[in-house]
Structures are given as structure tokens and as C-alpha cells.
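# Structural features, examined
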Amino acid sequence: MNSESASENKAEAPLKVLIIGCGAVVEEYQGPAARAAERQGWLEVVGLVDRSEARLARCQHLFPSAKCYNDLERAREADIALIATPARSHADLALSLLGRGYNLLVEKPICASVAEARTMRSEADRLGRMLAVGHFRRFFPAIETIRTMIASGVFGPVRRIVADEGGMFRWPAASAGFFIRQEGGGGVTLDIGIHMLEILVSWLGLPEVVDYADDAMGGVEINSAAKLRWPGGTEADIRLSWDVELANCYRVEFERATVTWRTGQATDLLIEIDGVPVPQLATSRLQYGSTATYSTPAHGYLGAFTAQWKDVVDAVRENRKPRVSGGTAMAALSLVETMYARKRLMDMPYFDPEESIRAHQLVEAA
């Protein structure tokens, strides 16, 4: 075999992946998506790291040949590490792994603070390593189609966005950290809201936080609402909830049309022109390989997670930035920080006067 052929084969060899943290997001989405990527020949999961033997055992069903570790220091080397641990551990893990030569896919939020995110991005750039963030919705064709509509100006400028998302909290969390501010860092705004804000930033850039209110009284917020404004006058009104079933849609009001995306619909959009609804399908398949046999459906959450794995592998091979790098992820986190800093208590008309006084006291003491 000549050197050119050997180089070609090496370039196409699956990249080795280490998964750090085997909680719900890996069991439900990242793991099955990585398994799908393995079947395509893009990557090979060689190691799983978690302190819990039970979680390791559940994830090893997906990757029978992967080695299991309770201690990251003992894990074998790989090309890419997925960090799927609580957000407050992301920065320390990322900096350590970057120093060891890893490229990184970090679950959202990128980390616990903008200062940490800035350090992570700076170190990845200095070392020439890839840093991607798991905002998987950016791989929904519908989301990319709206971005293209905005950038092209086909319907004129965006006047207003109304985005509501939420319902009863049903995520099979591995711990109570979601509901403890010292561990999770925040509530619904940091959980669901970070996805929403990252999408809005990817569409329009960084907005100003005009108003923000939530119902936290020393703990984490279960409900929140905000108003955002971009240079040029575009405004957004957003609502988030962990206990109330909201409309779960993003309504983008252009000058000459309105486009509605329902949360979780990877390919479906509703376009209204002069009040006439026109259902649209952004796309239903992503083509990988030369025939339909090697195609992967793009619709659904699993398809989006799998598409991000493909993008991450290609970014490493091609020495380029991934679609979701640290920039928009850090901007979204900066909006959450600003919201928490400017927070006011939501109006709660069901409180009697004494309860309302006590609620404000709890907010001031927090």
C-alpha cells in the first residue's frame, strides 16, 4: 500500500470517543445517537466514565466493547470527549481534557458562567482543539430554514417573535440537582431557556434584556418571562415553565409573513401570508453517502443528535469550527446571567397580601 492510500484510510478511520457522565441525556439521546453514528462508521465509543456503576451498566448496553471507568484519570485516550456531567463541572473537565489533547462536545449549558465559557473558548483556540456545545435543536432543518429566511430577507425584516415553551417537568434526572440552585445554577430559564436563547441568538444576534421576571424565592425558578430587543427594533416576548402546559411554539412575525415553529417538530413549519396558512416541510432526510441506504432521517430528536455527531466528527477531520461552537452558547449564557441579575418577582395574583410580602422578603434575602 502506498503512503497516499494509507493516509486516505487513516483519515476515514472512525474517531475514538470518550463519554464522561452517563446520566439521562446520554441514556435517552446522546448514547443512542452516538450508537447510530458508530453504525455509519463515523466514530467509535471506546470509553464510558461515571461514578455510578448502575449508570455505567445501562450505557454499556449501547456500547458493549467500550471500557468502563469510575475515574477519568484512568480512562483511555480518545479523539473526542463528550462532557455530559452537571454544568458546574464542565469548565474544570474541559480545561483538563483540552490540555490532554481532546476535542470536546459539551452538553448544554456550556458551563456555569460566562467567565468560565470565555476561558474554555480561549484555551480551545490556543491549543487548536474543537469545542462544540450540545444545542442539538440547531440541527433541526426547520430551525435552519427560519435562519435562512431571516438572513435572506425573503419576507422582509422580523418585527416580533413570541416564544412559549414548557409543561410539567418530566425529565428522568439522575439527581435533584435541577432543583438546587447551588448545584444546577438555575431553573427553567437555564434549562429550557438556554435552548431558546441560543436559537434566537443564532437567528438575530445578541439582544438587550428589557425585562425579566420569575417565581424563584430563594430556590430555582419554575416559571419565567422576558422581553428582549435587538438593534433595529425587533422584539421578542418569551415565556417558560416547568409546571404549566404552554403553547410550545415560536411565532416569527416578519414584515410580509408569519412563520410558526412548534417545539420538537424538526421539519414542519407553518407559513402565513396575508392570513393564509401554508404548511411547509423544511426537509425530511439528510443524505450521508451516495445512496439512500446510507441516509439518516433528520426528523426527531435522535436525528438531530446524530447530525450533531456527524458535524463534530467532520469539524475535527476538516479542522474547522462546528456548527454550534462556543460563541452562540456563551452569548445565550450571558443572557441568562443578565436575566438573573435583573430579575424581579413575577406577578402572582393568587397570593394574599401577607403571602406577597413574605415572597418579596424571600427574594431580597436570596
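The residue count restarts for each chain, going from 1 along the sequence in the order it is written. Given that the model is predicted, a residue must reach a pLDDT of at least 70 before its local features are reported, and side-chain atom pairs must reach 80 or more before they are shown or counted; all residues, however, enter totals for whole chains, interfaces and linings. Note: side-chain values were computed over all heavy atoms of the structure, leaving out hydrogens and water.

### Here we look at the overall build of the chain
Tallying secondary structure elements over the chain gives eleven helices and 17 strands in all. Atoms counted for the radius of gyration: C-alpha only. Globule rule: 2.2 Å times residue count to the power 0.38. A compact globule built from 366 residues should have a C-alpha radius of gyration of about 21 Å, and the chain, at 21 Å, falls within 12% of that. Its C-alpha atoms give the chain principal-axis dimensions of about 80 × 50 × 35 Å. Burial status across the chain gives 50% buried among its 366 residues. Any pair of residues with heavy atoms lying within 4.5 Å of one another is described as a contacting pair. For the chain, contacts bridging at least 24 residues in sequence account for 68% of all contacts bridging at least 6. All accessibility values rest on the Shrake-Rupley procedure with a 1.4 Å probe; residue burial counts only the protein chains present in the view. As presented, the chain carries roughly 17,000 Å² of accessible surface, and 50% of it is formed by carbon and sulfur atoms. One finds the centroid of the 40 positive side-chain charges in the chain at a distance of 4 Å from the centroid of its 47 negative side-chain charges. Per the convention used, a helix needs a DSSP run of H or I reaching at least four residues, while a strand needs a run of E reaching at least two, with both numbered from the N terminus. Only protein chains enter the accessibility calculation, which uses a 1.4 Å probe; a residue whose area is less than 20% of its type maximum is buried, one above 50% is exposed, and one in between is partly exposed. Working convention for charge: Lys and Arg count positive, Asp and Glu count negative, and His plus the chain ends are omitted. Taken as the charge location is NZ of Lys, CZ of Arg, CG of Asp or CD of Glu.

### Focus on the packing of helix α5 (residues 114–127) against helix α10 (residues 326–342)
One can describe the packing of α5 onto α10 by two numbers: an axis separation of 9 Å at closest approach and a directional angle of 170 degrees. Between α5 and α10, the angle is such that the two are roughly antiparallel. In this structure, the crossing between α5 and α10 has a hand that is left-handed. Here α5 contributes Val114, Ala117, Arg118 and Arg121 to the contact with α10, which in turn contributes Gly326, Gly327, Met330, Leu333, Ser334 and Glu337. Of the residues that constitute the contact of α5 with α10, the class distribution is four nonpolar, three polar and three charged. As a rule, the C-alpha atoms of each element are fitted with a line to give its axis, helices using only the stretch in contact, and angles between N-to-C directions run from 0 to 180 degrees. Each angle is binned into one of four classes, with values under 35 degrees roughly parallel, values over 145 roughly antiparallel, values of 65 to 115 roughly perpendicular, and all other values oblique. In a left-handed crossing the near helix is turned counterclockwise from the far helix by less than a right angle, and in a right-handed crossing that turn is clockwise. By the convention adopted, Pro, Cys, Tyr, Trp, Phe, Met, Ile, Leu, Val and Ala count as nonpolar, Lys, Arg, Asp and Glu as charged, and the other residues, Gly among them, as polar.

### Re the pairing of strand β8 (residues 208–214)
Pairing of β8 with strand β9 (residues 223–229) involves six bridges; the strand directions are antiparallel. When the bridges of β9 are listed, Asp214 appears paired with Ser224. A pair of strands is considered paired only if DSSP assigns at least 2 bridges between the two. For β8 and strand β17 (residues 344–345), the ladder comprises two bridges, and the chain directions are parallel. Of the residues in β17, the one forming a bridge with Ala213 is Arg344.

### Observations regarding helix α8 (residues 188–204)
Here the expected length of a helix is defined as 1.5 Å per residue gap, with one fewer gap than residues. Between its first and last C-alpha, α8 extends 22 Å over 17 residues, near the 24 Å set by a 1.5 Å rise per residue. What is called the bend at a residue is the angle between a pair of axes, fitted to the seven residues leading up to and ending at it and to the seven starting from it. Taken as a whole, α8 carries its principal kink of about 45 degrees at Ile194. Among the 17 residues that make up α8, 16 are buried, leaving the element largely enclosed by the rest of the structure. In the stretch just after α8, Gly205 is the one whose phi turns positive, near 90 degrees.

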